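Given next are the chains, with one letter for each unit.
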Amino acid sequence: MLGIDLTGKRAFVAGVSDDGGFGFAIAKAFVEAGASVCVGTWPPTWFIFTTMLERGKFDKSLVLSGGDKMTFEKIYPFDAEYDTYEDIPQEVRDSKRYRDRGDCSIDGIAKRVVEDFGDQPLDIVVHSLANGPEVKNPLLETSRAGYLAAVGVSSYSFTSLLQRFGGLVKPGGAFLALSYMAGERVVPGYGGGMSSAKAALEADTRVLAYEAGRKWGHRVNVISAGPFASRAASAIGFIQDMIEYTTRNAPLTDKITGAEVGATAAFQCSPLGTGITGTTIYVDKGYHVMGLAVDENSPSGKSS
Ligand code: NAD
């Protein structure tokens, strides 16, 4: 039987702060397939995430299909805004949420992973994070600082991850990021430079696939997921409308689930996905192929 088998593989999934986002769903799919998983958690959410985990608040979501409860091998405080410790401003290092967390830069966590597990300890690296401080602003009202912050955290960090984790992943490894269709088409309300950040992430995926393929034999892909009510998406303010709009207008009319994104990630990062790199994989119920709305408010919906 052809099955997804990640037995003996170790993944680092950056961007897990609760049990409601794609990062958690991907980590769970990896564990279901036999991998061990370390996660990177943004320092402002690290304490609450680890405390809730310890107190059993996520126990229901942690149950695997066989009945066991999954565990994370390690939970690193990880801030994708900073490439090195020197980049973290002193006032941030001294602040409550960072002062006991050590070097949580991308470089710092790369070093800690080697300290904890030895050379080339990883097989898979996932970037499931984004942040745009001005996401609620239309692009016409977005400041340079807000735009660059969105691109820095949401896109450049993937390049930085490849730079610093590429050599820690065994040859033939897999890197994966999460994108959204707003990088290709206009989604009013997805502002603050976040659309630009997703466009950059998808373009970088193609270039990184070439460079990391030639350098290490790694593959680099991005999943473009449909709208899903995670904490980050809910902060944008109209995620439920986006979900409902998509269910009314996509070829498949049920909602996207985290498990569907997780299963695609597990396939892509498994030995079954070795022929695919540099690609945007849509997990959006087919919405991206539509050129005209078909719900009751649209011309085609009225005529059908
Ligand atoms: P989520 O809230 O589960 O994940 C976002 C994560 O980013 C959080 O854990 C947050 O703590 C983390 N983060 C923010 N700033 C960070 C930083 N500086 N360093 C490290 N981590 C940081 O929400 P999600 O929707 O599952 O988002 C995961 C990815 O999926 C993102 O790239 C998002 O853009 C993408 N995506 C989401 C949707 C959707 O509708 N939810 C659709 C397509 C793509």
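Placed above this text is the structure.
Since the model is a prediction, treat every value here as computed from it, not as a measurement. (Residues numbered from 1 in each chain as written. Predicted model: local features only at pLDDT ≥ 70, side-chain atom pairs only at ≥ 80, totals over all residues. Heavy atoms only, no water.)

Over the atoms a probe the size of a water molecule is rolled, and this reveals where empty space is left. Taken as a whole, the largest pocket encloses approximately 1200 Å³ of empty space. Forming the boundary of the largest pocket are 47 residues, of which L129, A130, N131, A232 and A233 lie nearest the centre. Every element with two or more residues in the lining of the largest pocket is listed here: helix 1 (22-32), strand 2 (36-41), helix 2 (43-54), helix 6 (144-165), strand 5 (169-179), helix 7 (194-216), helix 8 (231-236) and helix 9 (239-249). Of the residues forming the lining of the largest pocket, the biggest block, 5 residues, is contributed by helix 8. For the lining of the largest pocket, a count of residues per class yields 28 nonpolar, 14 polar and 5 charged. Considered as a void within the structure, the second largest pocket measures approximately 190 Å³ in volume. In this structure, the second largest pocket is lined by 14 residues; those nearest its centre are Y180, V187, Y245, T246 and Y287. Take the lining of the second largest pocket: its biggest share by element is 4 residues, from helix 9. Of the residues that constitute the lining of the second largest pocket, the class distribution is 9 nonpolar, 3 polar and 2 charged. (1 Å grid on protein atoms, 1.4 Å probe; cavity = no way out; pocket = protein on both sides within 12 Å on 5 of 7 lines; lining within 4 Å. Points joined across faces, edges and corners; volume = space filled by probe spheres on them. Helix = DSSP H or I, 4+ residues; strand = E, 2+ residues; numbered from the N terminus. Nonpolar A, V, L, I, M, F, W, Y, C, P; charged D, E, K, R; others polar.)

Strand order in this open sheet of 7 strands is 3-2-1-4-5-6-7, and the pairing throughout is parallel. One side of each edge strand has no neighbouring strand; the edge strands of this open sheet are strand 3 (74-77) and strand 7 (280-283). Geometrically, the sheet is characterised by an average inter-axis angle of 20 degrees between neighbouring strands, direction not taken into account. Note: strand 6 (residues 219-225) against strand 7, 4 bridges, orientation parallel. Residue pairing for strand 7: I223 is matched across the bridge by I281. Across the sheet, helix 1 touches strand 1 (10-14), strand 2, strand 4 (122-127), strand 5 and strand 6, and the angle it forms with strand 1 is around 170 degrees. Packing against the sheet, helix 10 (residues 258-269) makes contact with strand 4, strand 5, strand 6 and strand 7, and its axis sits at approximately 165 degrees to strand 6. (Pairing = 2+ DSSP bridges. Axes fitted to C-alpha atoms, helices over the stretch in contact; angles between N-to-C directions. Contact = heavy atoms within 4.5 Å.)

What follows covers the site of the ligand. The environment of the ligand is made up of 29 residues, and the closest members are F22, A80, K198, F228 and S230. At a separation of 3.4 Å, an oxygen atom of the ligand approaches a polar backbone atom of L178. Here the ligand has 810 Å² of accessible area as a free molecule, and 94% of this is covered by the chains. One can see that the ligand is located within the largest pocket. Listing elements by their share of the shell around the ligand, those giving two or more residues are strand 5 and helix 8. Among the elements that line the shell around the ligand, the one with the most residues is helix 8, at 3 residues. For the shell around the ligand, the class distribution of residues is 16 nonpolar, 9 polar and 4 charged. (Near = heavy atom within 4 Å. Polar contact = N/O pair within 3.5 Å; in protein donor to acceptor, adjacent residues only side chain to side chain. Areas by Shrake-Rupley, 256 points an atom, 1.4 Å probe, with all protein chains shown as cover. Sits in = over half its atoms within 2 Å of the grid points.)

Enumeration over the complete set of coordinates arrives at 1 cavity of 30 Å³ or more. By volume, the largest cavity is sized at about 40 Å³. Along the walls of the largest cavity sit P227, I243, T246, T247, D254, K255, I256 and K285, which together make up its complete lining.

Relative to the elements of secondary structure, T142 occurs in the loop between strand 4 and helix 6. What makes T142 buried here is its relative accessible area of 16%. Looking at T142, its side chain comes within polar contact range of the main-chain oxygen of P138, at 2.9 Å. There is a polar contact of 3.4 Å between the side chain of T142 and the backbone nitrogen of G192. With sequence-adjacent residues up to four places away left out, T142 is seen in contact with E134, N137, Y147, G192 and G193. (Buried < 20%, exposed > 50% of the residue type's maximum accessible area, 1.4 Å probe, protein only.)

As a further point, take unusual backbone geometry. In the Ramachandran plot, Q120 falls in the positive-phi region, its phi being about 45 degrees despite a non-glycine side chain. As for its position among the elements, Q120 is in the loop between helix 5 (106-117) and strand 4. Despite not being glycine, K285 has its phi angle at roughly 60 degrees, a positive value. Within the element layout of this structure, K285 appears in the loop between strand 7 and helix 11 (299-303).

Nothing here speaks to function; it is geometry throughout.
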